[in-house]
Amino acid sequence: MKFKALIGTSILAMTVATPAFAQDAADEVERDAFGGEIVVTAQRQSERLQDVPIAVSAFSTEALEAQQIKTPSDLQLTLPNVTFTKTNFTGASFTIRGIGDLCVGTTCDSATAIHLNGDPLFSTRLFETEFFDLERVEVLRGPQGTLFGRNATSGVVNVITAKPKLGTFEAAAEAEYGNYDSMKGKAMVNIPLGDTMGIRVAGIYLNRDGYTKNSFLDTRIDDRDLYSVRGSFRWEPSDDTTIDLLASYFREKDQRTRIQKQLCQRDPTGILGCLNSRLDNSPFNGNATFTAALTSREFLAIRGIPQAFALGSLYGPDVYANTTIPSDPREVNTAYTPSYFTSELTLQGQIEHNFGPVSLQVSGQYQKVKLDASQDYNSNVGNRALYAGGLATLQAAANGALGAAFTPYFAPVAAAIIPNGPTGQLCTSLAEESGYGSFGGNKICSDQSLQFDRSNQYNSSWSVESILSSDLDGPFNFLVGGIYADYHLTENSYYVNAFPIDYLTGVLGAFTAATNATGPLPPSFLATPFFRNNTDDLKIKSYGLFGEAYFEVSDRLKLTAGLRYNNDKKSVTARSTLASFLAPHGGTTDTVFGPPFVGSFDADPGTPGNQIIQARKVKFNKLTGRFVIDFKVTDDNLLYASYSRGYKSGGINPPLQPIFAVPESFKPEQVDAFEIGSKNTFGGGALQLNLTAFYYKYKDLQLSKIVARTAVNDNVSADIYGFEAEAIVRPDPDVVVNLGFSYLHSKVSDDKFTSNPRDFGGGRSDAVIIKDITNAANCAVASRTGNVAGINAFVNQVNNLINTNPDINPDPAVTTRVIPGIQPGANLQGTTAFPADGGIASTGAFGICDVLSAAAAGAFSPLGLNPTTFGGVEYFSAGVPVNIKGNQLPQAPNYKFSAGVQYTARMGDMTLVPRVDMAYTGESYGSIFNGNVNRIKGYAQVNAQIQLNGADDKWYVKGFIQNVFDANSVTGLYITDQSSGNYTNIFTLEPRRYGIAAGVRF
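A brief structural summary. (Residues numbered from 1 in each chain as written. Predicted model: local features only at pLDDT ≥ 70, side-chain atom pairs only at ≥ 80, totals over all residues. Heavy atoms only, no water.)

### A word on the overall build of the protein
If you tally the helices and strands in the protein, you get nine helices and 53 strands. Taking 1002 residues into account, the globule formula puts the C-alpha radius of gyration at 30 Å, and the protein, at 31 Å, falls close to it. For the protein, the spread of C-alpha atoms along the three principal axes comes to 100 × 55 × 50 Å. Relative to its full complement of 1002 residues, the protein shows a buried share of 60%. Taking all contacts inside the protein whose residues are at least 6 apart in sequence as the whole, residues at least 24 apart take part in 71%. When the accessible area of the protein is evaluated, it comes to approximately 34800 Å², of which 57% is carbon and sulfur surface. Positive and negative side-chain charges of the protein, numbering 80 and 96 respectively, have mean locations separated by a distance of 3 Å. (Helix = DSSP H or I, 4+ residues; strand = E, 2+ residues; numbered from the N terminus. Rg over C-alpha atoms; globule rule 2.2 N^0.38 Å. Buried < 20%, exposed > 50% of the residue type's maximum accessible area, 1.4 Å probe, protein only. Contact = heavy atoms within 4.5 Å. Areas by Shrake-Rupley, 256 points an atom, 1.4 Å probe, with all protein chains shown as cover. Lys, Arg positive; Asp, Glu negative; His and termini not counted. Charge placed at Lys NZ, Arg CZ, Asp CG, Glu CD.)

What follows is the structure, encoded as C-alpha cells:
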C-alpha cells in the first residue's frame, strides 16, 4: 500500500502553506461547523482529523463563525486544557496543558508556537486582530518537536488562510454593527487568472468605542481602531508543481489598554505597598514606591540635602491615602490617556514539486513587527498637594534662596518641570530614546502628577526551510530536511515615567554637581530621568537538521520514529538606567550616553571597567525526537501511543537596576511527554468521541518573577498529567451538540527555594522585611536561631546607628562617619507589625539594605552590634526563600468543560439556525506561589446567536450576543515589583457584546 510520508519540520520554522493536494482533499470532504469531516495537515500531510494520532482540534471557517470564535482568545472557551490571557508587557500567553509563556523577556522562546500557514511567527501580533477569510485553525496539544517548528513544548496553533481557487470567481462581504458603537466589515474576492493562476484578496476593518470608563477625565478608553489586509497568489504551472505567495499587513492605532485593572490589599505601613491575603479594590500605599523613597525626608537626610526639598515622609500620608478605586473592573481614574500602536508585515512563499517517488518543498518567510503602547501604570490620581512644600523650596532655590552660586543649578530644573511655578502645571518626561526627558524639552505637562509606562519593540525575522519526502510503494518511507532562521530585534524597552522621578533626578543632580568633592561640575541632572530597561540589540540564529522514518507494519498498524538536531545562538546588548549618572543641562550629544559624565555609569559590573552597555552571548544545542505507534481497530476507531521529547532553548536575563545577585542566563527546558489516545466515530457520524491521557516530566521549566523592576527568569522541574475528552453528538441531522472536558494536575516536582515577591519574610515570624530608602527595593533579615525579639532588636539598633552615624575619627577637624557616604538625621523608626489579616508573619521597617548586610556580617561588632548577640542574623537580598515543591503551575486550571447546541430549522430554501455555547474554566493560580491572593476564580461564559440563511447560502442575517451574563472573568494576573507598590495587574475577557450582521456571497 502506498504511504504518504509525514512531512517534519524544524525548531524555528516550517514549510509554507498546505500542499496543493490539501485543498483538493478538503473540497472533496464535507466540511461544516456541525460535526462533518474536516481535513487537517497537523502531520504535514492532508488527513481526516480522525485519522491523526495526535491530540489536535480543528475549526473550519464555518465552525469559527458558528461558535463565535472571533479571536484567538475565544479558542480557550471550547478547547480542553487551553487558556489564553494577555500578559504584562504587551504580550500574550497561549497555555496548553499548563504550559504557556511563563518566561518573560526578549530572549525567551514561546512555549506555544504560533504559525501562519505552517510558518512560525516571531513576536507576532497575529492575535491582535480578529479571524477573517480562513480555511481553518488547528490547535495541537503537546510537544511538537519533529512536526512543527521551534520545538514547541506545549503545542502549536496553526492559522491557515484560504488559498486562491483556480478557475473560479468568488466574492463575499459582511457588515456588522454592535454595542459600544462597534462597526466591523469583512470582505474577500477571488479572481482567476486563466486556468493555472489565481489571486485572492481579503481584509477586515474594526472600529469601536472603549470598553472602559475613565471617570477622572469623563472619557472612554480601551477602544479599537484597526485593519488588516491579505493578498494571496497561487500558480500551478504543471500538475506536479505548485507555487504559493502571500503578503499580509496589519495595523492598529487607538487607546487600547494593555492592563485592565490594578488590585491590592492596602498595606498601611508602606513597606510592601500591598499585603498577601486577598485582592481588594484598594489603592496601594504610595510610600512603597521608589518615587516616594527617593524624594522622602529620610532619603534626603542621608544625602545631606535639606529636608525642605522633600515631597513627603515615608512615615507620613502617601499620595494615594485618600483615593478610592472603582469596584467596576471597567472603570478607572486616570489623568493619562493610553495609546496603543502595532503593525505587522508578513511575506511568505513556497514552491513544491513532485518528482514521483519523492517531493521537494522549499519555503521561506519574512516578518517585520512594530509595537508601541503606553498607559497609566497605577490607574489612579494622587494628591499633589503633598508636594507643595518641596516644590516651593525648589522654586525658591531657583530664585537664589540658597545663594547665587546655586541658582544656575536649580533654575534649569524648575524651568523644566514647574515652568509656571510650584502651583502651576507639573511636567513629566516623555518615554523617549535620548534619555534627556524633561531636561531636553521632551515632556508632557498636566495639572496632575502623572505616572505612566511605555512598552515598545521593533523586530524583523526571516527563515528558509527545505524538505525532501518520499512517497514510495511498500511499507517504508522517509523524510529529511533542514531549516535556518534569523531573528533581529533592534529595540525593546520598558519605561516607567513619573513626575517625582523628574523631580528627584533634577534636585539630586543639582546637589551632586554643585557639591562635587573636587569642585563644582556643570549644572546637571541625573540621567535617565525615568526608568528604562532597554534591549538595544538582540540576534537569534538557529538551524535544525531533522528526519523521520515511517513503517507500515500492516494496513492497520503504523510506526513513526523521528530525530532532530537543534542549534540556537543568541547575542544581546542591554542596559537598565534610572538616575544612574550626571548629564549636563543642554547637552550637545544625541543621547545622554555621550560624554562627559557617562563614564561613571557601569551597565555591566561583572566585567572590568565601566561598560556603557552589557553584552552577553549564549548557545544551546539539543537532540530531540519522537516515537508513535497507532493502530486502526476499524476505519472509524483509532488507538495510538506516543513518546516525544520537547525542547525550548534558554536565554539571557536582562540587567538589573539596582544590582542584585541573579543568574545571568536561564537553562533550556525539556519535557518528556507520554500520551495515549483514542479517536472514534460511531453510528455513521451520530457520535464522534476523542479521548486522550498524558503525562509530562518537565526539567528546567522556565519561570519568571519581578526582581528590582525587571523580569528575571529561573528554572524549576514539574510533573503534569491529565485527561481530555471531546465529543460531537448528532441525534438528528438538524441537531448538533458539541461537548468538551479536561482534567489537569500540575505541580513542582523537586525542591526549589525561591523568594515570594508578596512576602519577602518567607512566612517567618523571626524575619524582618526591609524597605530600602535608597532604591525602594525590599530585602530581609532573619534570625538563625528563631529569636523573634532578637531580630527585631537587631534591626532597630541598625536603624539607630544609621540615624546617628557617629564620627569615629579622633581628630575633630576630620569627619569620618561609621557608615561612609551617609549623613545622620534620617530618623528611621523601629520595626512594625503588619495587619493581622495581611498574610505576613514577619515585621517590617524602612532601612538601608547594604547597611543591614554589613551589620549581619559583623562589620559593626566593635560598636556593640554583634549579630551573635541577637541569636545570629541571616541577610537575604532578594527575600527569604521558600520551597515551592508541590505548588501548582500558573495558568493551569484543574477542570474545564464546554457545551454547545445548535438546531437548523428548514423553511423552504432558507434555514434558521439558533445556537448557544457555554464554557466553564475552573480555578487556577496566577503565580507559582499559589495561595488565596494569587487565586484566579473559575468562570463561565455563555454566547448565543441566531442566523437566517438565504437560498443556497447566498446571503445571511444574524444577531449575536457574547458573554450573555456580562461576566468580568479574570484570565490572568501579574505581580508588580515591590518598588512599584507590589500591586496586581489583572487581565479580563471582554464585556458583553451584542449586535447584528449581514453578509452576501457570490
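### A few points about the state of the cysteines
Scanning the model with the defined rule gives three disulfides in all. Sulfur-sulfur distance for the disulfide between cysteine 264 and cysteine 274 comes to 2.0 Å. A torsion of -120° about the S-S bond marks the disulfide between cysteine 264 and cysteine 274 as left-handed. Here cysteine 264 is found in the loop between strand E17 (261-263) and helix H3 (290-294), whereas its partner cysteine 274 is found in the loop between E17 and H3, with 10 residues between them in sequence. Summarising the burial analysis for this pair, cysteine 264 and cysteine 274 share the class buried. Two residues, cysteine 779 and cysteine 849, share a disulfide whose sulfurs are 2.1 Å apart. Here the S-S torsion is close to -100°, and the disulfide linking cysteine 779 with cysteine 849 is therefore left-handed. Of this pair, cysteine 779 sits in strand E39 (residues 778-783) while cysteine 849 sits in helix H9 (residues 849-856), placing them 70 residues apart in sequence. Of the residues examined, cysteine 779 reaches a relative accessible area of 0% and is grouped as buried. Its relative accessible area of 6% is what places cysteine 849 among the buried residues. (Disulfide = S-S within 2.5 Å.)

### Some details on the packing of helix H6 (residues 407-417) against helix H7 (residues 499-514)
The interhelical angle for the contact between H6 and H7, taken along N-to-C directions, is 170°, at an axis separation of 9 Å. In this view, H6 runs roughly antiparallel relative to H7, as classed from their interaxial angle. Only Phe499, Asp502, Tyr503, Gly506, Val507, Ala510, Phe511, Ala513 and Ala514 of H7 make contact with H6, whose side of the interface consists of Tyr409, Phe410, Val413 and Ile417. The residue makeup of the contact of H6 with H7, split by class, is 11 nonpolar, one polar and one charged. (Axes fitted to C-alpha atoms, helices over the stretch in contact; angles between N-to-C directions. Parallel < 35°, antiparallel > 145°, perpendicular 65-115°, else oblique. Nonpolar A, V, L, I, M, F, W, Y, C, P; charged D, E, K, R; others polar.)

### Digging into the pattern of salt bridges
Scanning the model with the defined rule gives 41 salt bridges in all. In this structure, lysine 184 engages glutamate 130 in a salt bridge whose closest nitrogen and oxygen atoms are separated by 2.6 Å. Of the two residues, lysine 184 sits in strand E11 (residues 182-193) while glutamate 130 sits in the loop between strand E7 (119-120) and strand E8 (134-141), which places them 54 residues apart along the sequence. You'll find lysine 184 and glutamate 130 in the same group, each marked buried. The salt bridge involving arginine 532 is made with glutamate 491; its shortest N-O contact spans 3.3 Å. Residue arginine 532 is located in strand E26 (residues 531-552), and its partner glutamate 491 is located in strand E24 (residues 476-498); the two are separated by 41 residues in the primary sequence. Through salt bridges with shared partners, a single ionic network connects Arg97, Arg141, Glu675, Glu724 and Glu726. (Salt bridge = Lys/Arg side-chain N within 4 Å of Asp/Glu carboxyl O.)

### Details of the nonpolar core
In this structure, Phe309, Leu394, Phe410, Ile417, Tyr503 and Phe794 are the most contacted members of the largest nonpolar core, which totals 98 residues. Here this core takes 10 residues from H7, the largest share from any one element. Discounting residues that sit within four places of it in the chain, phenylalanine 794 has contacts with Leu852, Ala855, Ala856, Leu865, Phe870 and Val873. Core analysis: the next-biggest nonpolar cluster, separate from the first, contains 22 residues, Phe59, Ile69, Leu75 and Leu121 among them. (Core = buried A, V, L, I, M, F, W, Y, C linked by side-chain atoms within 4.5 Å.)

### Let's talk about the packing of helix H5 (residues 388-398) against H6
Between H5 and H6, the least distance of the axes is 7 Å, while the angle of their chain directions is 130°. Between H5 and H6, the angle falls in the class oblique. Remark: the crossing between H5 and H6 carries left-handed chirality. Seen from H5, the contacting residues are Leu394, Gln395, Ala397 and Ala398; seen from H6, they are Thr407, Phe410, Ala411, Val413, Ala414 and Ile417. (Left-handed = near helix turned anticlockwise from the far one by under 90°.)

### Some remarks on the side chain of lysine 752
Positionally, lysine 752 belongs in the loop between strand E36 (735-748) and strand E37 (753-755). We classify lysine 752 as buried; its relative accessible area is 17%. Residue contacts for lysine 752: discarding those within four places in its chain leaves Asp714, Asn715, Val716, Val882, Asn883, Ile884 and Lys885.

### Points about the pairing of strand E16 (residues 241-254)
Looking at chain direction, strand E15 (residues 224-238) and E16 are connected through 11 bridges and run antiparallel. The residue of E16 that forms the bridge with arginine 230 is serine 248. The hairpin formed by E15 and E16 contains two residues between the paired strands. For E16 and strand E19 (residues 339-354), the ladder comprises 14 bridges, and the chain directions are antiparallel. Bridge assignment links serine 248 to a residue of E19, and that residue is threonine 346. (Pairing = 2+ DSSP bridges.)

### Concerning the sheet that holds strand E14 (residues 219-221)
The mixed open sheet is built from three strands, whose spatial order is E14-E13-E18. Every other strand in the sheet has two partners, leaving E14 and strand E18 (331-332) as the edge strands with one partner each. Where strand E13 (residues 212-214) and E14 come together, three bridges link them in antiparallel fashion. Paired with asparagine 214 across the bridge in E14 is threonine 219.

### Here we look at the pairing of strand E29 (residues 614-634)
Examined bridge by bridge, strand E27 (residues 557-577) and E29 share 18 bridges and lie antiparallel to one another. Paired with tyrosine 565 across the two strands is leucine 623, which belongs to E29. Connecting E29 to the antiparallel partner strand E30 (residues 637-648) that follows it, the hairpin turn spans two residues.

### Quick notes on the side chain of glutamine 260
As for its position among the elements, glutamine 260 is in the loop between E16 and E17. Given the relative accessible area of 7%, glutamine 260 is considered buried. A polar contact of 2.8 Å, which involves the side chain of glutamine 260, links it to the backbone oxygen of proline 329. Here arginine 330 takes part through its side chain, which lies 3.0 Å from a polar atom of the side chain of glutamine 260. (Polar contact = N/O pair within 3.5 Å; in protein donor to acceptor, adjacent residues only side chain to side chain.)

### Quick word on H5
Gly390, Leu391, Thr393, Leu394, Gln395, Ala397 and Ala398 are the residues of H5 that are buried. Where H5 is buried, its residues contact H6, strand E21 (426-429) and H7. With its phi angle positive at about 105°, glycine 400 sits one or two positions after the end of H5.

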